[in-house]
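Architecture and fold: a report
As a plain string of letters, each chain reads:
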Amino acid sequence: MDHLRADFPILERKVNGKRLAYLDSSATTQKPNQVIDAIGDYYRRYNSNVHRGAHTLADEATTAYEGARTKVAEFIGASSSDELVFTRGTTSSINMIAYGWGLNRLHPGDRILLTVMEHHANVVPWQLIAKHTGAELVYLELTDDFRVDLSTLDSVVDERLKIISVSGMSNVTGAFGPVAELVEAARRVGAIVIVDAAQSVPHLPTDVTAIGADFLAFSAHKMLGPTGIGALWGRREILEKMEPAEGGGEMITDVRLYESKWAPIPHKFEAGTPPIAQAVGFGAAVDYLDKVGMSEVRKHEIEITQYALDRLADVPDLTLVGPTDIAVRGGTVSFELGDVHPHDVATILDQEGVAVRAGHHCAKPLMRYLDVPATARASFYLYTVKEDIDQMVAGLHRAREIFGLV
Ligand code: C6P
């Protein structure tokens, strides 16, 4: 994979006079020239609004926008591009389900099942919907090795359970969510299953048909694409029943003074001018990943993550916050370094050219559950090389010296 780095111009820059070791891909990934150029090309050659104009540029923009939809749908194994809604990202995808489906169907006493490792994007919308509808939130906890504990699952699977929403991969611990088990449980009682795939679609081969869930939410910017766009895949029969959470132009077939008729899916969920340049960039990102092959991406991340876990295991005072078994985790590695505050760790690493994230990672319930105030987090992607890990480990030894751990 090393040869791919030449496609990412930002990786050539220096930070604080040092080679950049970008280890914050779970926050957002870097973008290859192919994506940057596709966006530039759109603005330079065929910038126009979509689905409206009767002119050549509008046709070209519409073809590119809908072409991107087809590419993203195929990338996740959807049987039709109609099932792929463009959104602003994972957060807006989950809110779309919460307000479009949850708000209109949940009643007092109904239950929404989450896990304690969810990102705020998969917690807060459900809290809001629970408040509106009188539904109740129920959580699965974790085992000692940071996996979702399924031992209490049967006790919450009954006719009250209407929605299960689970992360495909934790953005803190790197642990995969038990999606298959939860889909099986949901089927027993007719609940729907949502996968917050923000951290899984970018890193694992994905086939929505095989997964068997009802919705999958993800963001382009975590998979080489631009910010401002993501996707919601939904099962056709559910999308057809779901109410739009936003109204406006583009999403209707008719509007009268007191009522309107919705456009067919997916357009009824895309009110207003969509993120066209971003869709073009998203399509280019998917082309790039398709060319590399998602099995190769996963293979590379297994190798890099195992290398990182091995090297970090040799750093005294370092505690890993996540599973050690590579089979059940991805390339997002959280840790604590003695009692040095993770923000201080990140600041020292930054001085060494190493970009990591520190904090609660928008997963405060998980931090409270694990009883850690914050972690430092290194996260990898297809352009991560062992040299990046070595640079981080050298920086961690420097942090130990500065904070008197040696
Ligand atoms: N996690 C991180 O540094 P948006 O912001 O809508 O593109 O994605 C939200 C989101 C939802 N679920 C999971 C599991 C995520 O990791 C994220 C985004 C980033 O971990 C930014 S907080």
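It is worth spelling out the site of the ligand at this point. Of all residues adjacent to the ligand, which total 16 residues, the nearest are Thr91, Asp196, Gln199, Ser219 and Arg357. In the environment of the ligand, a nitrogen atom lies 3.4 Å from a nitrogen or oxygen atom belonging to the side chain of His119. In isolation the ligand has 510 Å² of accessible area, and contact with the protein removes 87% of it. Its residues placed into classes, the shell around the ligand shows four nonpolar, eight polar and four charged.

On domain assignment, one finds that the protein chain holds domain 1 (2–24 + 293–402) and domain 2 (46–290). On a C-alpha basis, the centroid separation for the pair domain 1 and domain 2 is 28 Å. Between domain 1 and domain 2 lies a buried interface of about 2600 Å² when both sides are counted; carbon and sulfur atoms form 64% of it. Run the count over domain 1 and domain 2 and you get zero salt bridges. Counting the contacts that link domain 1 with domain 2 gives 16 residue pairs in polar contact (both at pLDDT 80 or more). Listing elements by their share of the side of domain 1 that touches domain 2, those giving two or more residues are helix H10 (294–313), strand E14 (332–337) and helix H12 (364–370). Counted by class, the side of domain 1 that touches domain 2 contains 20 nonpolar, nine polar and six charged residues.

It is worth spelling out unusual backbone geometry at this point. The omega torsion of the bond from Ile265 to Pro266 falls at 0°, within 30 degrees of zero and hence cis. Among the secondary structure elements, Pro266 is positioned in the loop between strand E12 (260–262) and helix H9 (276–292). A positive phi is found at Asn16, a non-glycine position, where the angle reads about 50°. When you line up the elements, Asn16 lands in the loop between strand E1 (14–15) and strand E2 (18–19). One non-glycine residue, Asp371, lies in the positive phi region at around 60°. For Asp371, the position within the fold is in the loop between H12 and strand E17 (375–379).

Calculation notes
- What you see as residue numbers is a count from 1 along each chain, following the sequence as written.
- Given that this is a predicted model, residues contribute local features only at a pLDDT of at least 70 and side-chain atom pairs are listed and counted only at 80 or more, while totals for whole chains, interfaces and linings are drawn from all residues.
- For the side-chain quantities, the full set of heavy atoms in the structure was used; hydrogens and water were omitted.
- Note on definitions. A residue lies near a molecule or strand when any single heavy atom of the residue is within 4 Å of it.
- Polar contacts here mean pairs of N or O atoms no more than 3.5 Å apart (in protein, one a potential hydrogen donor and the other a potential acceptor; neighbouring residues in sequence count only if both atoms are side-chain atoms).
- With residues, only the protein chains shown are counted as cover, and all accessible areas are computed by Shrake-Rupley using a 1.4 Å probe.
- Gly is placed with the polar residues, together with every amino acid not listed as nonpolar (Ala, Val, Leu, Ile, Met, Phe, Trp, Tyr, Cys and Pro) or charged (Asp, Glu, Lys and Arg).
- Here the limits of each domain have been adopted from an automatic or database domain assignment.
- By buried area we mean the combined loss of accessible area, with a 1.4 Å probe, across both parts when two parts are placed together.
- Each salt bridge in this description consists of a side-chain nitrogen of Lys or Arg and a carboxyl oxygen of Asp or Glu lying within 4 Å of one another.
- Helix and strand assignments follow DSSP, with helices taken as H or I runs no shorter than four residues and strands as E runs no shorter than two, numbered in order from the N terminus.

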